[in-house]
Amino acid sequence: SKDITLKQVIFNDHVSRVVGSKDITFENCLLRGLEIDNCENVKITHCTILTPKKGTSRNAALWLLSNDVEIFDTIIYGSEYGIVFGPAGKSRSRKIFYSLVYGEEGLAAPRKIDGKIDEKKIVKKKVKLKKYSRTKGNVHAPPQFVDLREGNFRLVRGTPGTKAAEDGKDCGIIDFLKATGEND
């Protein structure tokens, strides 16, 4: 696939997979797990990426198995790891800027050649993220959602990630349902 833009889309059950694609944009989306594999020119802005409810990738929110990826103003929150990185390769072409990245067991973990997570190299400190991606202005704390169970993924005012996006807004999905009246 090529030249795909997803705006204000919710994938709230299984992990979403993008494989072998080029020029993909996710903007203001809610994703319950995202795997990006062998893709070029992927941009993710103002999205909330959480651990999937179902499926085999339930230990991380984002499986980043490509190098040419830019992530801005996004929440990446995993029950175990925020991000699982594929082989480092050209990891300097990966960018994670002004985002909230957190995992209960570690910020990130590398994936071994056999596809399993390398438990010996779990990234628990933000300075070690730079081995896998360029970083700037990120927050590393658990997100405090208004009401996760009811699907309100906005951040509680004053908690980590609020007003931390590059544009001065909160990290994560911008509440587009409120504008349509569906949140009332």
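Look above for the structure.
Please read all numbers here as calculations on a predicted model, not as lab measurements.

What counts and how
Residues numbered from 1 in each chain as written. Predicted model: local features only at pLDDT ≥ 70, side-chain atom pairs only at ≥ 80, totals over all residues. Heavy atoms only, no water. Salt bridge = Lys/Arg side-chain N within 4 Å of Asp/Glu carboxyl O. Helix = DSSP H or I, 4+ residues; strand = E, 2+ residues; numbered from the N terminus. Buried < 20%, exposed > 50% of the residue type's maximum accessible area, 1.4 Å probe, protein only. Pairing = 2+ DSSP bridges.

1. Description of the pattern of salt bridges
Logical step 1: Following the criterion strictly, the structure yields three salt bridges and no others.
Logical step 2: Where Arg17 meets Glu35, a salt bridge forms, and the shortest distance between an N and an O atom there is 3.2 Å. Pair noted here: Arg17 is in strand 3 (residues 16-19) and Glu35 is in strand 6 (residues 34-37), with a separation of 18 residues, a long-range link.
Logical step 3: Overall, Glu35 belongs to the buried group, its relative accessible area being 11%.
Logical step 4: Here Glu70 ties to Lys95 by a salt bridge, and the two come within 3.5 Å at their closest N and O atoms. Residue Glu70 is located in strand 10 (residues 69-72), and its partner Lys95 is located in strand 13 (residues 95-97); the two are separated by 25 residues in the primary sequence. One exposure class covers both Glu70 and Lys95, and it is buried.
Logical step 5: One network of salt bridges, in which partners are shared, links Lys43, Glu70 and Lys95.

2. Focus: the sheet that holds strand 11 (residues 75-78)
Pairing between the strands of a sheet comes from backbone hydrogen bonds, and it takes one of two forms, parallel or antiparallel.
Logical step 1: A sheet is described by the order of its strands in space; here five strands give the open sequence 2-5-8-11-14, paired in parallel fashion. A single partner strand is all that each edge strand has here, and the edge strands are strand 2 (10-11) and strand 14 (100-103).
Logical step 2: Two strands pair when backbone bridges link them, and strand 11 and strand 14 are joined in this way by four bridges, in the parallel orientation. Among the inter-strand pairings, Ile76 is bridged to a residue of strand 14, identified as Val101.

Spatial relationships are all this shows, so hold off on functional conclusions.
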